[in-house]
Amino acid sequence: MQVNKSIFRENDIRGIYPEQLNENTISIIGKAIAQKCRSQGICSISVGRDGRLSGESLLNSFCNSLVSAGLDVTNVGLVTSPMLYFEAKKNTSKSGIVITGSHNPKNHNGLKMVINDKPMSGLEVLKIIEDLDDDSYEKGTLKHKDIKEDYLNEVEASISIQGSKRYKVVIDSGNGVAGHVAPDLFKRIGCEVIELFSDVDGNFPNHHPDPSKLENVQDLIKSVKENNADLGLAFDGDGDRVGLITNLGENVFPDKYMMMLSESILSDSNGSIVYDVKCSNHLEKIIRNSSGIPIMAPTGHFHIKKTIKENNSLLGGEMSGHIFFNDKWYGFDDGPYSGARIIEALSKNTNYETISEIISSYPQSFSTPELNIDVTDENKFNIVESFISENNLDGEKITLDGLRVNFENGWGLLRASQTSPKLVLRFEGDTIKDMEKIQADFIAELSRISPDIDINLT
Ligand SMILES: [Zn+2]
């Protein structure tokens, strides 16, 4: 079977259309997934797609392949990744697949897969493809279903805004698929909604749908200020991540809004909260102060979901903006739902009027965004291994995922990206000076240990 092996990754499948992932490739992937389903006694599956230009054609080929391989397929059409996860929680087979390029460039596409309520790895799909049977099967059936109404009804039932204030929210879907559902969602929960770029357009003509990059939230910041809104929310291309802008137009890193969400959830329930190694030390302290149990986990969907499941945690979150609610929601990451929970937490807070006041009530610290150094997929893990064993940094060392060193006045992190040929770094200090010193110490050690790499932080 002719497939490009590099598209099969630990968490999902991702490739460039049509060079690496095309109608032919996705038909082969469909056969492999059908074989996996048969081995687990699963005979039906739901499938959908995000708003990318290649989505419809890929989805049609994928449906044909699954049906030919004997599965009964429910095509839910245009959906966010979280809507597909929702559908997979509800259908009898607990299985669903969404064709999505997430926040990647517009000519990329990919698949995120849930089989029998568990995430399926791209590497597992590749393994099955290498050992694919060529039996023929009685064709399955294909039906279409619109799940938007069911999804919105459940979101509406889950969210309870306190008090009578009508929150004014600006939402920026960046022409990603969140635009298909987010405006209705925020109207349903009683907000006054100002929309930016809700038209689903795979050319992403306004800005790229990736709110983790500051340049992509400039329109949102401007609109929040101009409209005197209570907050601004931005979603990534497939709607599983959220970015937050305060009423004053400040960009809030996910570990900061996790502080607010943690306090809010722990005021109602007892339990643990999971966060990745890129999050602030102050998040851990705030979870403890609210009588919760903080659990640090490696970065990545798979690890966060697994840790939430093992501990039956109330909430999980990643610095990338993937937030997983497991208290009164289903434990998957959902950008618009997370935005609704931020508004709920704001409405429940009796100490402060505005989201800016809540966020600035947390300990002041100074942190870098996620920083990257370009390396290669071949050497990235070796660089991190050498750094772990040879560095002379003096602090509490955590090797869950790369190396995180906690100091009295901040912390630093160096890890290898799972998804791209990059090193990932982040630094935080109680003062700007502390942050800069920690960063300088890390970089000095890195260039001493791996003198060959070109240290150009982006
Ligand atoms: Zn995404």
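So, how was this worked out
Residues numbered from 1 in each chain as written. Predicted model: local features only at pLDDT ≥ 70, side-chain atom pairs only at ≥ 80, totals over all residues. Heavy atoms only, no water. Helix = DSSP H or I, 4+ residues; strand = E, 2+ residues; numbered from the N terminus. Expected span 1.5 Å × (residues − 1). Buried < 20%, exposed > 50% of the residue type's maximum accessible area, 1.4 Å probe, protein only. Contact = heavy atoms within 4.5 Å. Donors = N, O, S within 2.8 Å, 3.2 Å for Na, K, Ca; no water. Tetrahedral: all angles 85-135°; square planar, octahedral: opposite > 155°, others 65-115°. Domains from an automatic or database assignment. Buried area = accessible area lost by both parts, 1.4 Å probe. Salt bridge = Lys/Arg side-chain N within 4 Å of Asp/Glu carboxyl O. Nonpolar A, V, L, I, M, F, W, Y, C, P; charged D, E, K, R; others polar. Phe/Tyr/Trp six-rings, centres within 6.5 Å; stacked < 30°, edge-to-face > 60°. Lys NZ or Arg CZ within 6 Å of the ring centre and 35° of its normal.

Visitor: Explain helix α2 (residues 55-68) to me, using residue names and the numbers behind them.
Guide: Between the first and last C-alpha of α2 there are 20 Å, a value that for 14 residues agrees with the 20 Å anticipated at 1.5 Å per step. All buried positions along α2 are accounted for by Gly55, Leu58, Leu59, Ser61, Phe62, Cys63, Ser65, Leu66 and Val67. Along its buried surface, α2 packs onto α1 (23-39), β2 (44-49), β3 (72-78), β4 (96-99), β5 (108-115) and β7 (142-144). Backbone geometry just downstream of α2 places Gly70 in the positive-phi region, at approximately 100°.

Visitor: I'd like a rundown of unusual backbone geometry, residues and numbers included.
Guide: The omega torsion of the bond from Tyr17 to Pro18 falls at -5°, within 30 degrees of zero and hence cis. The phi dihedral of Ser102 falls on the positive side, at around 50°, and the residue is not glycine. We classify Ser102 as buried; its relative accessible area is 5%. With a phi close to 65°, Ser291 is a non-glycine residue in the positive phi region. For Ser291, the position within the fold is in the loop between α9 (281-289) and β14 (293-297). You can call Ser291 exposed: its relative accessible area is 58%.

Visitor: Please provide a residue-by-residue account of the coordination of the zinc ion, values included.
Guide: Taken together, Ser102 (OG), Asp236 (OD), Asp238 (OD) and Asp240 (OD) make up the protein donors of the zinc ion, found 2.1 to 2.5 Å from the metal. Relative to the metal, the four donor atoms surrounding the zinc ion lie at angles of 93 to 164°, and the coordination shape comes out irregular. All donors of the zinc ion come from a single chain, and their spacing in sequence reads S-x133-D-x1-D-x1-D. With Ser102 in the loop between β4 and β5 and Asp236 in the loop between β10 (231-235) and β11 (242-246), this residue pair connects regions lying 134 residues apart in the sequence. An identical accessibility class is assigned to Ser102 and Asp236; each is buried.

Visitor: Describe the domain arrangement of the protein, with residues and values.
Guide: Domain boundaries in the protein define domain 1 (5-146), domain 2 (168-250), domain 3 (253-362) and domain 4 (366-449). On a C-alpha basis, the centroid separation for the pair domain 1 and domain 2 is 28 Å. The interface of domain 1 with domain 2 comprises 18 residues on the first partner and 18 residues on the second. Carbon and sulfur atoms supply 60% of the area that domain 1 and domain 2 bury against each other, a total of about 1300 Å² over both sides. One can count two salt bridges joining domain 1 with domain 2. Broken down by element, the side of domain 1 that touches domain 2 gets its largest block of residues, three residues, from helix α3 (residues 81-90). Broken down by class, the residue content of the side of domain 1 that touches domain 2 amounts to six nonpolar, seven polar and five charged.

Visitor: So, the packing of aromatic side chains: which residues are in play, and what are the values?
Guide: Within this structure, the stated rule accounts for 13 aromatic pairs. Ring centres of Phe86 and Tyr151 lie 5.4 Å apart, and the angle between their planes is 80°; this geometry places the pair in the edge-to-face category. Taken together, the residues span a long stretch of sequence, with Phe86 in helix α3 and Tyr151 in helix α5 (residues 148-158) at a distance of 65 residues. For the residue pair Phe86 and Tyr151, the accessibility class agrees, reading buried in each case. Between Phe387 and Phe442 the ring centres are 5.6 Å apart and the planes differ by 35°, which places this aromatic pair in the tilted class. Of this pair, Phe387 sits in helix α13 (residues 380-390) while Phe442 sits in helix α14 (residues 432-449), placing them 55 residues apart in sequence. Judged by its relative accessible area of 1%, Phe387 is buried. The class for Phe442 is buried, based on a relative accessible area of 1%. A network of ring pairs unites the aromatic residues Tyr85, Phe86, Tyr151, Phe325, Trp329, Tyr330, Phe332 and Tyr337 as a single cluster. Between Lys305 and the ring centre of Tyr85, over which it is positioned, the NZ or CZ distance is 4.5 Å.

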